[in-house]
Structure formats: C-alpha cells, structure tokens
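# Fold and geometry: a report
Residue strings, one per chain:
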Amino acid sequence: MSFPSEVRTAIKDAVADSGVDKAYAARSSATAEDLPSASFAGQHETLLNIQGEEEVAEAVRTCMASLFTDRAIAYRARNDIPHDQVALAIVVQEMTNPDASGVLFTADPTTGERNVAVIDAGFGLGEAQVGGAVTGDHARIDKATGDILSYDIGDKRVAVQSTPGGGTETIELSAEQRSDRVLTDDQIRALASIAKDVEELFGTPQDIEWALVDGESILLQSRPITTLPEQPVASSGDWTVPDPNLAYARVGPAELLPDPLSPLFESLGGPIMTESSVEMAREFLGTDAFSRETYALTTVNGYAYYSVSLAPKFLLRISGRGALAIPKVFGNVESHWRETVRPQYVQTVETWEKKDIRELQAAELLSGVKTILQAAINYYNSSRFVLLRVRQNEALSTTFYERLVRQPEDPPSQTFLRGFDSEPIRAEKALSDVATWCRENPALVDVLRETPRTDAAIILTEETPPDSVSAEVWTEWQDRFQAYLDEHGHAIYDLAEREGAKPPPSRSRRRRRVGRGSSLGHQCQSRLPMPWRTAVSRLEQSFGPRVRHQPGTSQSPQGRELRRLCQSLVRG
C-alpha cells in the first residue's frame, strides 16, 4: 500500500512536536466498528511501543492497510457490510508502561446486570488477555455501593511488556506472581467509580480499556457494549411466604420457570396456570375440592411456587379420591392427551400463526396471549399425567430386569432407553459429534477447557481466535457449535445460571413451608388421621416420591430423565 508523502511528513512532524524520545501506540478505528450485529473486534491492527518518527509513520500505514486484509474483507462479507462504505482512522497515543491493564465493563456482559461493573485485569500490557494467552483476574463490583461482589484470581502464566528500542515481548511469570492479585480493593473501587462517570457521559453501557501506571488509572479507549443480555429480574432475598398455613412447592409448570417472574407474567399467566391445574385435578379426581384457595400458582420472593392447602378436610377428600382415580389416570390419560388435548393445542397454535398480529387491536392481542398460554398449560398438565404412566412402566421394567434378568456382565437398565431414537438422543449425538471434531484439534481443546463457563457465550461470538488456534479452526468450531444450538438449543432448561440469586431455603420450616428436599406429601400426611396417613404412605411407596427442581440447584438424574421424556413426547 502506497502512502502519500505529505501524510508521512505530517505524521513525522507531529511526532517531533510531541517528543521523538517517547513511545507510541497506533490504534485502528473504523466507521463500521461496534455495530449492534458486528463489533469488528480484533479485525484491524493495533501496534504498540513504536519509537521514532519513521517507525510511527510506518505503523500508521500498516494499520490503514489492515482494512483490506483477507480476514477483514471476509468479516465484512459475512455481515453484509459494503467495502466501499467503510473508512478507517488511526489514533496515535503516547504509550504508557503499565504495571497492570485490562478491560472494564460498566455492565455485566454475561448476566446483563446493569448495576454491576466487571473488571478483567492482568500484569503488564493488555495484549496477553486480548490474545487469549492468559486468564486474568476477574472482579465484579456493585456500582451503587462500591461493594466488591467477587474477585477471582486468574492463572496469569505470562505478561506482555515493552522492550527498549520498540516492540513488545512476552515473559513467563513466576508461580508466586501467577497467584498474586493484580488489583487492590481501593484500585477496584476507583475503576468502578470511573466506570459510572464514563457510562453517564455516553449514556449507554461501555467496554473500557484501562491501564494502571504508578497507582494511577488511565483510560485508553471506550466503546459501547454491542451484545448485552437482557437485564435479569432482581431477587429481593425475602422468602416470607404469603400464607403460613399453606405448603409451597415447585412442582408442575412451576418447574419450567427457573427465574423470578416478571409482574406482567405473574398477573397475566398466574391465574391461567392456576385455572388449568385446578380443572385438570377436578377432571381426573372427580371432586370440586380443588379451587384457587386450595391449590394455586403464587410467588415467593418472585419465584413461581404452587401453594397447597393443609386443611384436614381438604386432604381427606383428595386422598380418598386419589386412590379411586388411579385406574382412570392409568387407563385413558394417554388417549385423552392424543385425541383431545394435543389436537386442541395444535389447532390453537395454527389458528394464531395465520393471523397478522400487526392488524390486531390491543384487546385482540391480549386475548390471543391468554388463549395460547391456556392451551400450552393444558397441554403440559396433560403430559404430566402421561409421564406418570411412563414412569411407572419404567420402574416396573427396571425392577424386572435388575432382579430377574440382568447378569453381572450385562449393562444397566438405562442402556435400553438410549436405544430409542428421539429428540434428546439426537441432541446428545449431535453434541458428541461436535466434541469428537474438537478433539482433533488439541490447541482448541486446551482453550475450551481453560475458558470459564461464564465466558462460553462470549467466545462463541469472538471473531479473533486465540494465538494458539488458527482462524480457520476457530471459525469452523463456532459454526459447528452454533449449528448445534440452532437445531437443539431449544431443549436446554436453563442455559444461564443467575449469579447472586439466593436459592429457596434448604429445609421446610413450620411457618415458612417452602418445599425443597422434603416431600410435600410428608407435610400433608402429618395433618391426616393415622389410617389415612398409612394409606398415603403406601401409595407414595408404590409410585415413588415426586421429582422437583429448585432455582439455583442441579436437577436430579430422575428429573433430567423425566424432562428428556417430556421433551421427546412434546416434539413427537
């Protein structure tokens, strides 16, 4: 690439005026960078520790030429950005020789929390972190209070530093340095304070590069965060139940709502879910004992729970009806699902798919939301009864095989379930194929193993590959994994774990009956006369305890299997 002599002269003159003996950095800044759909991060050159008039001018030329590298051209083509509509400016800055440097996000790029600032820090220049050579220290700070929510020390194996005469070098850090904290608490709070000021100045969450020189914080660059998740609903931490005379458990449709409910969903969806569950119970048990007062969807600290009455009269009525309803539940529930509930759900969805929602009035849209949600909850509640049969059949076949058939060298009973072709099986096979391909690239495997779970979504969209991985392999890995998510990602129950959200109490208490770990049936049984208590206990032994999933906890193997079966049933 040729360089006009007048431009080269102007650059050299500017360096002479600023100081020939100083070191400089040349940074690229393109007009198409930091778009909502394309950040261009790492596509254009940045050169560090440049010394001398001629060297700075040549660095500017190199940065300008990076606008037309194969990598940059291919990136623009993938994002449908015309080549003739992109311009590039080169920012020449006086270099610092930092003790530490890193990145400062004024909102958490992983969880979307706007009240949390996130700092990644390493020793020396920031190139080691940007290039993926090290995992820096990671801090999360409450911007309002200045409280340090967490500080994780990374494995800082190397550091990049300036060399005399220009350029940089990578040095190995000692074991002691690797485990040292990069930032003190005061330095973290100072950076968080700067984050608030910068965000207020630009009016949007920012991605800031900073350096620490002799204890002073220096800002190098700030740009908008282009891919920020939706802000999560806050949890108050107050687990007081609405009515201490009721029992509360996360069962049924509540298990599908792992995060705190929004006020809109609670007020709109709550009554619909309650009505569906009550009607389903009345239909199969043949009693009007169920009502909004005895069985309803409610919230505890924003999380969805079902409340159940513990009144002896109610428990006696449903216990007796429950025993009588067993033949009905296991007799015609499958035909009811196939012939009535599923067709109604399909018809509802197809009816509303044909409508142009842009032409509907607000009242019609609201009616549509209620209708679709009602059909979906009816469908799910009906599927739960089908799964009771599935579970019972599985238990019987497992018992028969394990006790009467299986020899010491035979596989466990779960092996037979894996022989059926289903959506979950296809999803596991597809993920296995991705993993098999990854193992053919050891450098990629090392990067994936060293990447924290919370950074998985970030590296999936990171255009610049780590130094140890070729651009071709990096792009193909992203394409393969994204294809897997496009095909099977809908089956994930809760992909994002909410950090800082307190899980429900670990034990049910007398005045705060929030079920977790202990069976809701045990709480109900304690209110029954002894003969009824014995009968209910025998029923529970026959069918096994309910499987529950609580926010912030791992699902049991039985719960995961039931969910896979449910997904297969729904998809089929």
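Note that this is a predicted model, so its numbers are computed, not measured. (Residues numbered from 1 in each chain as written. Predicted model: local features only at pLDDT ≥ 70, side-chain atom pairs only at ≥ 80, totals over all residues. Heavy atoms only, no water.)

## Remarks on the pairing of strand 1 (residues 23-30)
Within strand 1, seven of the eight residues are buried, leaving the element largely enclosed by the surrounding structure. Alignment of strand 1 against strand 2 (residues 46-51), held across four bridges, turns out to be antiparallel. By the bridge assignment, alanine 26 is partnered in strand 2 with leucine 47. In the sheet, strand 1 pairs with strand 3 (residues 88-94) via seven bridges, with the strands oriented antiparallel. The residue bridging alanine 26 from the neighbouring strand is valine 92, located in strand 3. (Buried < 20%, exposed > 50% of the residue type's maximum accessible area, 1.4 Å probe, protein only. Helix = DSSP H or I, 4+ residues; strand = E, 2+ residues; numbered from the N terminus. Pairing = 2+ DSSP bridges.)

## Details of the pattern of salt bridges
What the rule picks out here adds up to 20 salt bridges. Close ionic contact of arginine 223 with aspartate 207 constitutes a salt bridge, the shortest N to O distance being 3.6 Å. Of this pair, arginine 223 sits in strand 11 (residues 216-224) while aspartate 207 is found in strand 10 (residues 206-213), placing the two residues 16 residues apart along the sequence. Take arginine 223 and aspartate 207: they sit in the same class, and that class is buried. (Salt bridge = Lys/Arg side-chain N within 4 Å of Asp/Glu carboxyl O.)

## Some details on the nonpolar core
Ranked by size, the top nonpolar core spans 22 residues in total, and within it Phe290, Tyr306 and Phe314 carry the most contacts. Of all the elements in the fold, those that place two or more residues in this core are helix 7 (263-285), strand 13 (295-300), strand 14 (303-309), helix 8 (312-353) and helix 9 (362-405). Among the elements that make up this core, the one with the highest residue count is helix 7 (five residues). If sequence neighbours within four positions are ignored, tyrosine 306 has contacts with Ala247, Tyr248, Ala249, Val251, Pro253, Ala254, Met273, Ser277, Tyr295, Ala296 and Leu297. Residues Ala121, Leu183, Ile208 and Trp210 belong to the second largest nonpolar core, which totals 18 residues. (Core = buried A, V, L, I, M, F, W, Y, C linked by side-chain atoms within 4.5 Å. Contact = heavy atoms within 4.5 Å.)

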